[in-house]
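The primary structure of each chain is shown beneath.
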Amino acid sequence: MDQTFSIIKPDATKRNITGSINKVIEESGLRIIAQKRIKLTTNQAEKFYSVHKERPFFRDLIEYMTSEPVIVQILSGDNCVERYRAIMGATNPENAENGTIRKLFALNVQENSVHGSDSTENAKIEIDFFF
Ligand code: GDP
């Protein structure tokens with residue numbers, strides 16, 4: 001079975017809407033097969049987002065990702081990398097399609113409620129990082 005990696009981000013744990021987000025995930029047919037609530041350290045967040053370290057928003061992103069607990073999850077289902085990216089919606093919620101998690105719940109381009117792996121290779125790397 002295919003797997004992907006998901007994070008419910010600090011803006012969502014802070015607003016107590018993790019159940020609402022996981023309802024969208026489960027109703028799409030994806031299965032949550034592992035789950036834990038953790039508070040990222042600065043070091044973990046910097047490693048996880050190292051691809052963005054030269055971007056102007058990097059420090060803000062690290063501060064945000066370590067500001068409140070997150071929920072890290074493994075999702076399973078056929079083609080789950082693509083399916084989860086589709087139900088997450090665009091990075092900026094202003095561009096996200098109706099019914100997507102980010103359209104429904106995200107606050108702005110940074111506080112956008114969820115992360116999802118963008119390829120099968122990255123899913124494996126990200127799952128191994130946290131589980
Ligand atoms: P994703 O794969 O859709 O999450 O998007 P990216 O990999 O491009 O960006 C990673 C995360 O960095 C996003 O989910 C946002 O939380 C944050 N981010 C991306 N672009 C911006 C931006 O232009 N400004 C700010 N402040 N944060 C951003």
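Here, the structure is the one placed above.
Residues numbered from 1 in each chain as written. Predicted model: local features only at pLDDT ≥ 70, side-chain atom pairs only at ≥ 80, totals over all residues. Heavy atoms only, no water.

**Student:** Which residues make up the side chain of His115, and what values go with them?
**Tutor:** With respect to the helices and strands, His115 occurs in strand β4 (residues 114–116). At a separation of 3.0 Å, a polar atom in the side chain of His115 contacts the side chain of Glu126. (Helix = DSSP H or I, 4+ residues; strand = E, 2+ residues; numbered from the N terminus. Polar contact = N/O pair within 3.5 Å; in protein donor to acceptor, adjacent residues only side chain to side chain.)

**Student:** Describe in detail unusual backbone geometry, supporting the description with residues and values.
**Tutor:** The backbone phi angle of Asn79 is positive, close to 50°, even though this residue is not glycine. Locating Asn79 in the fold gives a position in the loop between β3 (70–76) and α5 (80–88). Although it is not a glycine, Ser113 adopts a positive phi angle of roughly 75°. Position of Ser113 relative to the elements: it lies in the loop between α6 (101–105) and β4. Classification of Ser113 by relative accessible area gives buried; the value is 0%. (Buried < 20%, exposed > 50% of the residue type's maximum accessible area, 1.4 Å probe, protein only.)

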